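# Tertiary structure, described
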Amino acid sequence: MSDALDYFTAEHQLIRDSVRRFVEVEILPHIADWEEAESFPRELYRKAGAAGILGIGYPEQYGGSYEGDVFAKVAASEELMRSGSGGLVAGLGSLDIGLPPVLKWAKPALRERVVPEVLSGEKIIALAITEPSGGSDVANLKTRAVRDGDFYRVTGSKTFITSGVRADYYTVAVRTGGEGFGGVSLLLIEKDTPGFTVGRSLKKMGWWASDTAELFFDDCKVPVENLIGMENLGFACIMANFQSERLALAIMANMTSQLALDEAMRWAREREAFGKPIGKFQVQKHRLAEMATQLEVSREFTYRQAAKMAAGKNVVKEISMAKNFATDVSDRITYDATQILGGMGFMRESLVERLYRDNRILSIGGGTREIMNEIISKQLGL
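This write-up is about the structure you can find in this document.

Reading the values: the criteria
Residues numbered from 1 in each chain as written. Predicted model: local features only at pLDDT ≥ 70, side-chain atom pairs only at ≥ 80, totals over all residues. Heavy atoms only, no water. Helix = DSSP H or I, 4+ residues; strand = E, 2+ residues; numbered from the N terminus. Buried < 20%, exposed > 50% of the residue type's maximum accessible area, 1.4 Å probe, protein only. Contact = heavy atoms within 4.5 Å. Areas by Shrake-Rupley, 256 points an atom, 1.4 Å probe, with all protein chains shown as cover. Lys, Arg positive; Asp, Glu negative; His and termini not counted. Charge placed at Lys NZ, Arg CZ, Asp CG, Glu CD. Salt bridge = Lys/Arg side-chain N within 4 Å of Asp/Glu carboxyl O. Core = buried A, V, L, I, M, F, W, Y, C linked by side-chain atoms within 4.5 Å. Pairing = 2+ DSSP bridges. Phe/Tyr/Trp six-rings, centres within 6.5 Å; stacked < 30°, edge-to-face > 60°. Lys NZ or Arg CZ within 6 Å of the ring centre and 35° of its normal. Axes fitted to C-alpha atoms, helices over the stretch in contact; angles between N-to-C directions. Parallel < 35°, antiparallel > 145°, perpendicular 65-115°, else oblique. Left-handed = near helix turned anticlockwise from the far one by under 90°. Polar contact = N/O pair within 3.5 Å; in protein donor to acceptor, adjacent residues only side chain to side chain.

## Overview of the overall build of the protein
- Counting its regular elements, the protein contains 13 helices and 10 strands.
- Across its three principal directions, the C-alpha atoms of the protein cover 80 × 50 × 40 Å.
- Every one of the 382 residues in the protein was classed for burial, and the buried ones make up 53%.
- Sequence separation of at least 24 residues holds for 75% of the intrachain contacts in the protein that already meet a minimum separation of 6.
- For the protein, the exposed area adds up to about 17,000 Å²; of that, 54% sits on carbon and sulfur atoms.
- Side-chain charges in the protein split into 46 positive and 51 negative, and the spacing between the mean points of these groups amounts to 3 Å.

In structure tokens, the structure reads:
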């Protein structure tokens, strides 16, 4: 991994060391079994909460630490990815997309009740935006919330919701007004709310260790106090949330690339063919050199956007570029790593095989590659 001296401090290194130990002790001995089981114990949330990992980047008053320190979060996220399981990281980290709107825009009573429970790992939160009728077209979502006195009556459904099966809280995008982005709001809906049901756990190509669910709302009564932000202004909250999510996905893609490159390098040194390690053949040396070059460029560009975000700068265009570039690189590196390992790269016992599968969602989730290009082109004035 690059030195990145301009981005990470000695304190960030302490965070990195702490999270790496957590991964080595609490996750790596079990991750193969959890992947096959397509789940991991709920207790891991509590352990991560007690270790202070879930609270990184959040205010101390709610049980967090390093509030606003973007690179503290980056360091922790990179080390969690050393588990080799994108699904586990996505599941354990679902608070990072579900909780920020509650923290920033919910009413104080709701915020003070929900945020500490989630940061401690006692409760789990999920973000529910995507619908069966369309994923990327957020402005035209169909789930309807109609005001009825002190409640909203919610009807509709969501799908592909990370942590959807076992979450306790759901930050849900609903339509409270007319068509388009101006009629969208956010509601916090709790698991046991009458009229709310969780559907089946969805089977996926990758991210096996994360639970992914369908959600159904049938005249579900949600207190008005659970409105996040102002009515009909939820779209802006969603868009603001996406920037951090896209940074997180770029980091996940870069770490996917790093782990795949590490495995390919190890294999190239150890595997012999025609009387010498395969890494001594020029075709493999050059392939590995190109993989390392692409990763270095992607990581440095991603770090640069993180630094600009930390400085409060607008990086809507650049973070979209970073996500697309990082996922293009991880597509190529996971492909090439599988090719270098040959038959072993196709085996379920190989980390590279899992990385190859897990990688595929990264250019889809948090805004597809095509949506990123739409954003970039608009920012270019096209």
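## As for the pattern of salt bridges
- Per the counting criterion, the structure on display carries 26 salt bridges.
- Close ionic contact of R46 with E43 constitutes a salt bridge, the shortest N to O distance being 3.2 Å. Within this pair, R46 and its partner E43 are both found in helix α3 (residues 43–50), separated by three residues, close to a single helical turn.
- Note on E43: relative accessible area 38%, which makes it partly exposed.
- Across the pair R332 and D336 runs a salt bridge whose closest N-O atoms are separated by 3.2 Å. One end of the pair, R332, and the other, D336, are both in helix α11 (residues 316–341), four residues apart, so they sit about a helical turn from each other.
- Salt bridges here are not isolated pairs; linked through shared partners, they connect R16, R20, E78, E79 and R82.

## Notes on the nonpolar core
- Ranked by internal contacts, the top residues of the largest apolar core, which has 80 residues, are L88, L92, L99, V102, V154, L187 and I189.
- A total of nine residues in this core trace back to one element, the largest contributor, which is helix α9 (residues 234–270).
- Sequence-distant contacts of V154, defined by excluding residues within four places in its chain, comprise T143, R144, A145, V174, L187, I189, F217, D218, D219, C220 and V222.
- In terms of nonpolar packing, the next biggest core, distinct from the first, is built from 17 residues, A260, A268, I333 and L355 among them.

## Some points on unusual backbone geometry
- The residue S163 is not glycine, and still its phi comes out positive at about 65°.
- Structurally, the position occupied by S163 is in the loop between β3 (151–162) and β4 (169–175).
- The phi angle at D219 is positive, at roughly 55°, despite the residue not being glycine.
- Structurally, the position occupied by D219 is in strand β7 (residues 212–223).

## Points about the pairing of β7
- In this sheet, β7 lies alongside β3 in antiparallel orientation, the contact comprising nine bridges. The residue bridging T162 from the neighbouring strand is T212, located in β7.
- By the bridge criterion, four bridges tie strand β6 (residues 196–201) to β7 in an arrangement that is antiparallel. What sits directly across from F196, in β7, is F217.

## Description of the packing of aromatic side chains
- For the coordinates displayed, the defined rule picks out 11 aromatic pairs.
- Aromatic pair F71 and Y303: ring centres 6.2 Å apart, planes at 70°, arrangement edge-to-face. Here the residue F71 occupies a position in helix α4 (residues 70–80), and Y303 occupies one in helix α10 (residues 282–310), the gap between them amounting to 232 residues.
- When the ring of F196 is compared with that of F217, the centres are 5.0 Å apart and the planes differ by 10°; the resulting orientation is stacked. On the criterion of sequence distance, the pair formed by F196 in strand β6 and F217 in strand β7 is long-range, its members being 21 residues apart. No difference in accessibility class separates F196 from F217, as the two residues are buried.
- An aromatic cluster of at least three residues, connected via ring pairs, comprises Y7, F8, F71 and Y303.
- Against the face of F151 rests K221, its NZ or CZ located 4.4 Å from the ring centre.

## Remarks on the packing of α11 against helix α12 (residues 351–359)
- Between α11 and α12, the shortest axis-to-axis distance is 9 Å and the interhelical angle comes to 155°. On the basis of their axis angle, the class for α11 and α12 is roughly antiparallel. Both α11 and α12 take part in a crossing whose hand is left-handed. For the pair formed by α11 and α12, the contact residues are S330, D331, T334, Y335, A337, T338 and L341 on the first element and V352, L355, Y356 and N359 on the second.

## A few points about the side chain of R354
- Mapped onto the fold, R354 is located in helix α12.
- Engagement of the side chain of R354 in a polar contact is seen with the backbone oxygen of G84, the distance being 3.0 Å.
- If we skip the residues at most four places from it in the chain, R354 touches I31, A32, E35, S83, G84 and S85.

## What to know about the pairing of strand β5 (residues 184–190)
- Among the seven residues of β5, six are classified as buried, and the element is accordingly described as predominantly covered.
- Pairing geometry for β4 and β5, over seven bridges, is antiparallel. Of the residues in β5, the one forming a bridge with V172 is L187.
- The pairing of β5 with strand β8 (residues 227–228) spans two bridges and is antiparallel. Residue pairing in the sheet places L186 in a bridge with I228 of β8.

Such coordinate-based values are descriptive only and should not be taken to indicate function.
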